[in-house]
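Coordinate inspection notes
This is what each chain is made of:
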Amino acid sequence: TSGPAPRATGRRRGDRIIAASPAMQDVVDQATRIARSDETVLLRGPSGSGRKHVARAIHQWSARAGRPLVEVQLAGTNESAQLREIFGEGDSGRGGALASAEEGTLLLENADQLTPAARTRLVERLRGGGIRLLATAGTDSGDGLEGLVRETIRLAPLSERSEDILPLAAHF
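Residues numbered from 1 in each chain as written. Predicted model: local features only at pLDDT ≥ 70, side-chain atom pairs only at ≥ 80, totals over all residues. Heavy atoms only, no water.

1. Quick word on the packing of aromatic side chains
- Scanning the entire structure with this criterion turns up zero aromatic pairs.
- The ring of Phe-87 has Arg-121 sitting right over it, with the charged end atom 4.1 Å from the ring centre. (Phe/Tyr/Trp six-rings, centres within 6.5 Å; stacked < 30°, edge-to-face > 60°. Lys NZ or Arg CZ within 6 Å of the ring centre and 35° of its normal.)

Structure representation (structure tokens):
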């Protein structure tokens, strides 16, 4: 048997997820369910597994789709750079990713590298609402995200999803 047909789920090419493997179809089902909520989500998986692509799809499938999706890469950044990037300059917080993401979605890539001070400040800021947080992290990274995430989606490496390889190659 050849199994289920590949699904390209999404309204536009940019927010489609190619899901031929059962593992990726489960991810699409979880992402679809989570997109209807405002929960904070962690997408955990190895590099190249599609974490950022799934995060973008969740935003596009959500009620916040018409609002900004602001992406912040945390890999290799120190605490002062993280604070400046997320919260902006000075006490006003102007120019930071949080200000840009107001009423939209903030995507923190490699959120497992968020420093404790930045995490504490971010948790306090997110309590006020107005911004949805999506975060990505590797599979073997330490948790360190307590207080930030409520839902976790685990993405298998592409090497374990051989059914997805040809449909992905045809899509891209």
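2. Here's the deal with the sheet that holds strand E7 (residues 151-154)
- The strand order across the open sheet built from five strands is E4-E5-E6-E3-E7, with neighbouring strands paired in parallel fashion. The sheet terminates laterally at strand E4 (69-73) and E7, the two strands that pair on one side only. The sheet shows a mean angle of 20° between the axes of neighbouring strands, taken without regard to direction. (Pairing = 2+ DSSP bridges. Helix = DSSP H or I, 4+ residues; strand = E, 2+ residues; numbered from the N terminus. Axes fitted to C-alpha atoms, helices over the stretch in contact; angles between N-to-C directions.)

3. Observations concerning the nonpolar core
- Counting residues in each nonpolar core, the largest one holds 23 residues, and the members touching the most others are Ile-86, Leu-98, Leu-106, Leu-108, Leu-114, Leu-122 and Leu-148.
- Elements with a minimum of two residues in this core: E4, helix H3 (79-87), helix H4 (97-100), strand E5 (105-109), helix H5 (116-126) and strand E6 (132-137).
- Of the residues forming this core, the biggest block, four residues, is contributed by H5.
- Leave out the neighbours within four places in its chain, and Leu-114 touches Leu-74, Gln-82, Ile-86, Leu-108, Arg-119, Leu-122 and Leu-148. (Core = buried A, V, L, I, M, F, W, Y, C linked by side-chain atoms within 4.5 Å. Buried < 20%, exposed > 50% of the residue type's maximum accessible area, 1.4 Å probe, protein only. Contact = heavy atoms within 4.5 Å.)

4. Some thoughts on the pairing of strand E3 (residues 41-44)
- Burial of E3 is two-sided: the residues Val-41 and Leu-43 facing one way and the residues Leu-42 and Arg-44 facing the other way are all buried.
- Here four bridges tie E3 to E6, and the two strands are oriented parallel to one another. Pairing of Leu-43 across the sheet is with Thr-136, part of E6.
- The pairing of E3 with E7 spans four bridges and is parallel.

5. Some thoughts on the packing of helix H1 (residues 22-35) against helix H2 (residues 51-61)
- Between H1 and H2, the shortest axis-to-axis distance is 8 Å and the interhelical angle comes to 40°. Crossing geometry of H1 relative to H2 is assigned as right-handed. Residues Met-24, Val-27, Val-28, Ala-31, Thr-32 and Ala-35 of H1 pack against Val-54, Ile-58 and Trp-61 of H2.
- Its residues assigned to classes, the contact of H1 with H2 comprises eight nonpolar, one polar and no charged. (Left-handed = near helix turned anticlockwise from the far one by under 90°. Nonpolar A, V, L, I, M, F, W, Y, C, P; charged D, E, K, R; others polar.)

6. A short note on the environment of Glu-163
- On the secondary structure map, Glu-163 appears in the loop between E7 and helix H6 (165-171).
- Glu-163 sits in the partly exposed class, given a relative accessible area of 41%.
- Note: C-alpha distance between Glu-163 and Met-24 (139 residues apart in sequence) is 9.5 Å.
- In this view, Glu-163 contacts Ala-20, Ser-21 and Pro-22; residues no more than four positions away in its chain are not counted.

7. Thoughts on the packing of H3 against H5
- For the pair H3 and H5, the least separation of the axes is 9 Å and the interaxial angle reads 20°. One finds that H3 runs roughly parallel with respect to H5. You can see that H3 and H5 cross each other, and the crossing is right-handed. Along its contact with H3, which presents Glu-79, Gln-82, Leu-83, Ile-86 and Phe-87, the element H5 presents Ala-117, Ala-118, Arg-121, Leu-122 and Arg-125.
- Of the residues assigned to the contact of H3 with H5, the class counts are six nonpolar, one polar and three charged. (Parallel < 35°, antiparallel > 145°, perpendicular 65-115°, else oblique.)

8. Here we look at H3
- For H3, every residue scored as buried is listed here: Gln-82, Ile-86 and Phe-87. Along the axis of H3, the buried residues cluster in a sector spanning 95°; they form a single face.
- Of the surrounding elements, those touching the buried residues of H3 are E4, H4, E5 and H5.
- In the segment just after H3, Gly-88 is the residue with positive phi, at about 95°. (Arc of directions from axis to C-beta.)

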